[in-house]
Amino acid sequence: MTATRVFVRGVGAITALGANWPASLQALAAGRSAIGQVAGFDAAGFPSTAAAQIAGFAHSGDRRLALARVAAREAWQAAGVDVAPKRLGIFLGAESGRAPFATLHGLTRGAGGGARFDHAQFGVKAAALVAEFDASIISPAAVTSALALEYGAHGPAVTMSLACASGASAIAEAARAIRLGLCEAALCGGVGADVDPMMLAGFGRVGALSARGVSCPFDLRRDGFVVGEGAAMVVLSRERGNATVELAGEGRSLDAHHLTAPDPQGDGAARAMRIALAAAGLDAVGYIQAHGTSTPLNDAVEALALRRVLGASLDAAHVSSVKGALGHWIAGAGALGFLCAHAALERGIVLPTANLTQPDPACALAHVSGGALRASVDAALVNAFAFGGANCSLVARRCA
């Protein structure tokens, strides 16, 4: 058992189903899905034309930062922690930001748009556009730095950029820092703002997206994931306060197998889960918020790894994936998953997997579908498995 306990003092989120976590949770519990046709740019001809976008979210500058600020504010206000600046850390899962697509398009046209790069023309036509590529927009660390400034955090400031494992890894590193005495409290989580032409083209090129535009984790019909956006933040503290949930164990591993495909036996995923469970002193959980991307290979491998780790106890554990409703947030995915586990532990709300109507026998799990279940859950497992083979698992439980 880990000596230093880490308590969940507050959570917050902005999603395509709600401007805060309570609103989002209510919609998720009802089985709603926010996935629809891409708005904001013409997606005709893209490998997938669907996404889970936050409608009407007005902001200026970096969309990642704007989303993270909303979720951070909610989590921080709920936490009510009193901590010295030097004892507060910021840990965030975030990928690189991007200049507007119009800027990227302008740069390509500025070079002549033909087979030859016209340096002279580029120097004249593209000079003003280059100014939009400053570090405050494109750096993965920019959002973490901005939040540290906003909350006066002088402790550790860490950005985790591990694709789909980023948000969960940020929470794991925040807990580790608290256990090591590097800080007393941490604002942590993840943000994804990837509904744009570059990301749809990139993920489509590697065959990861659903051509049907439907995210249906663990379903026989699954053919890829759907991109989503949002932010999920958590305040962790070594002081319990009024917390009812604690982060009991964290596990991280690397497949070292393939850039986009998981180890076919799920070895890396299994190691991450075993490490997290061992740290928590548990060999079974009542709920699993799965990575569940809705890709044919990843869902089957995760189901296999879960069976290898949990054995017969898996049959008694409810399993769901939030990606059927809110799409894949990439860097923010694991943090969103942690909020789902927190809801199961604190409120007894076990969320369903949206669009799961024909469970795949290769993913034989105790799936929750349709609407949320009401159940007493003592411990929950959260999985986040990424391109590049980075894996992170978190185990949370109700406070004794």
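Residues numbered from 1 in each chain as written. Predicted model: local features only at pLDDT ≥ 70, side-chain atom pairs only at ≥ 80, totals over all residues. Heavy atoms only, no water.

Hey, could you run me through the side chain of E229 in this one?
Within the element layout of this structure, E229 appears in strand β7 (residues 227-237). In this structure the side chain of E229 is engaged in a polar contact, spanning 2.9 Å, whose partner is the side chain of R63. Apart from the residues lying within four places of it in its own chain, the contact partners of E229 are A16, A52, Q53, I54, R63, G192, A193, V195 and W329. (Helix = DSSP H or I, 4+ residues; strand = E, 2+ residues; numbered from the N terminus. Polar contact = N/O pair within 3.5 Å; in protein donor to acceptor, adjacent residues only side chain to side chain. Contact = heavy atoms within 4.5 Å.)

Help me understand helix α1 (residues 21-29), please; the structure alone is not making it clear to me.
Because each turn of an α-helix spans 3.6 residues, side chains separated by three or four positions end up pointing in the same direction. Turning to α1, its buried residues are W21, S24, L25, A27 and L28. Buried residues along α1 cover an arc of 165° about the axis, so they all sit on one side. Structurally, α1 contributes buried residues whose contacts are with β1 (6-14), α2 (63-79), α12 (323-326), α13 (333-347) and β11 (349-350). Sitting at the amino-terminal end of α1 is N20, which places a side-chain oxygen 2.9 Å from the backbone nitrogen of A23. Taken from the residues just after α1, G31 is the one with a positive phi, measuring 85°. (Buried < 20%, exposed > 50% of the residue type's maximum accessible area, 1.4 Å probe, protein only. Arc of directions from axis to C-beta.)

Before we go on, may I ask you to explain the environment of L259 in this structure?
Tracing the sequence through the fold places L259 in the loop between β8 (245-254) and α10 (267-280). Measuring from C-alpha to C-alpha, the distance between L259 and A305 comes to 19 Å, with 46 residues separating the pair along the chain. Apart from residues no more than four positions distant in its own chain, L259 is found in contact with F387 and G388.

Would you mind going over the domain arrangement of the protein chain with me for this structure?
When the parts of a complex come together, some accessible area is lost, and that lost area is often taken as the interface size. Entries for the protein chain in the domain assignment read domain 1 (7-97 + 139-398) and domain 2 (101-136). A C-alpha centroid distance of 36 Å is found between domain 1 and domain 2. (Domains from an automatic or database assignment.)

I keep staring at unusual backbone geometry and nothing clicks. Help me out?
Although it is not a glycine, A163 adopts a positive phi angle of roughly 50°. Along the chain, A163 falls in the loop between β5 (157-160) and α8 (166-179). We classify A163 as buried; its relative accessible area is 14%.

Please clarify how the packing of α10 against helix α11 (residues 296-310) should be interpreted in this entry.
The description of two packed helices rests on the angle between their axes and on the distance between the axes. At their nearest, the axes of α10 and α11 sit 9 Å apart, and the two run at 40° to each other. Between α10 and α11, the angle falls in the class oblique. Seen along the crossing, α10 lies across α11 with a hand that is right-handed. Between α10 and α11, the contacting residues are D267, A269, A270, M273, R274 and L277 on the first element and A305, L306, R308, V309 and L310 on the second. Looking at side-chain class alone, the contact of α10 with α11 contains 8 nonpolar, no polar and 3 charged residues. (Axes fitted to C-alpha atoms, helices over the stretch in contact; angles between N-to-C directions. Parallel < 35°, antiparallel > 145°, perpendicular 65-115°, else oblique. Left-handed = near helix turned anticlockwise from the far one by under 90°. Nonpolar A, V, L, I, M, F, W, Y, C, P; charged D, E, K, R; others polar.)

Explanation requested: the nonpolar core in the structure shown.
Considering soluble globular proteins, one finds that nonpolar side chains tend to be buried as a cluster. Counting residues in hydrophobic clusters, the biggest one holds 59 residues, and the most contacted among them are W21, I171, V234, L236, L326, F338 and L394. With 10 residues, the single largest contributor to this core is α13. Apart from residues lying up to four places away in sequence, L394 is in contact with A168, I171, A172, L247, G249, E250, F338, A380, L381 and V382. Within the second largest apolar cluster, 30 residues are counted, among which are L65, A71, L147 and A231. (Core = buried A, V, L, I, M, F, W, Y, C linked by side-chain atoms within 4.5 Å.)

Just to check I follow, could you spell out the packing of aromatic side chains for this structure?
Here the distance between the centres and the angle between the planes together describe a pair of aromatic rings. For the structure shown, the criterion picks out 3 aromatic pairs. When the centroid spacing of 6.1 Å and the interplanar angle of 65° are considered together, the rings of F41 and F46 count as edge-to-face. For F46, a relative accessible area of 22% gives the class partly exposed. (Phe/Tyr/Trp six-rings, centres within 6.5 Å; stacked < 30°, edge-to-face > 60°.)

Looking at this structure, I do not really get the pairing of strand β6 (residues 185-193). What am I missing?
For a regular strand, side chains alternate in direction, first toward one face of the sheet and then toward the other. Most of β6 sits out of view: 9 of its 9 residues are buried. The two faces of β6 match: A185, L187, G189, V191 and A193 on one face and A186, C188, G190 and G192 on the other face are all buried. Two elements, strand β4 (residues 88-93) and β6, share 6 bridges in a ladder whose sense is parallel. Note that in β6 the partner of G93 across the bridge is G190. One ladder, built from 9 bridges, connects β6 with β7; its direction is antiparallel. Opposite A185, over in β7, you have S237 as the bridge partner. (Pairing = 2+ DSSP bridges.)

Help me out: how do you make sense of the side chain of R179 in this one?
Tracing the sequence through the fold places R179 in helix α8. Given the relative accessible area of 17%, R179 is considered buried. Among the polar contacts listed, one links the side chain of R179 to the backbone oxygen of T4, at a separation of 2.6 Å.

Honestly, the pattern of salt bridges in this entry has me stumped. Any pointers?
Think of it this way: side chains of opposite charge can pair up when their charged atoms draw near. One pass over the structure, following the stated rule, counts 17 salt bridges. Ionic pairing is found between R221 and D219, a salt bridge with its closest N-O pair at 2.8 Å. Judged by relative accessible area, R221 falls into the partly exposed class, the value being 30%. Taken together, the shared-partner salt bridges in this structure form one network comprising R5, E246 and R397. (Salt bridge = Lys/Arg side-chain N within 4 Å of Asp/Glu carboxyl O.)

How should the packing of α2 against helix α7 (residues 142-151) be read in this particular structure?
Interaxial distance between α2 and α7 falls to 10 Å at its minimum, and their mutual angle equals 40°. Comparing their axes, α7 and α2 come out oblique. α7 is crossed by α2, and the crossing has right-handed handedness. Contact residues: α2 offers R64, L65, A68, R69, A72, R73 and W76, while α7 offers A142, V143, A146, L147, E150 and Y151. Taken together, the residues of the contact of α2 with α7 break down into 9 nonpolar, no polar and 4 charged.

I keep staring at the environment of H291 and nothing clicks. Help me out?
With respect to the helices and strands, the residue H291 is situated in the loop between β9 (287-289) and α11. A residue is classified by how much of its surface remains accessible, and H291, at 3% relative accessible area, is buried. It is 9.2 Å that separates the C-alpha atoms of H291 and A386, two residues lying 95 residues apart in sequence. Residues in contact with H291, not counting those within four places in the same chain, are C164, E302, S321, K323, H328, N383, A384 and F385. A distance of 2.6 Å separates the side chain of H291 from the backbone oxygen of F385, its partner in a polar contact.

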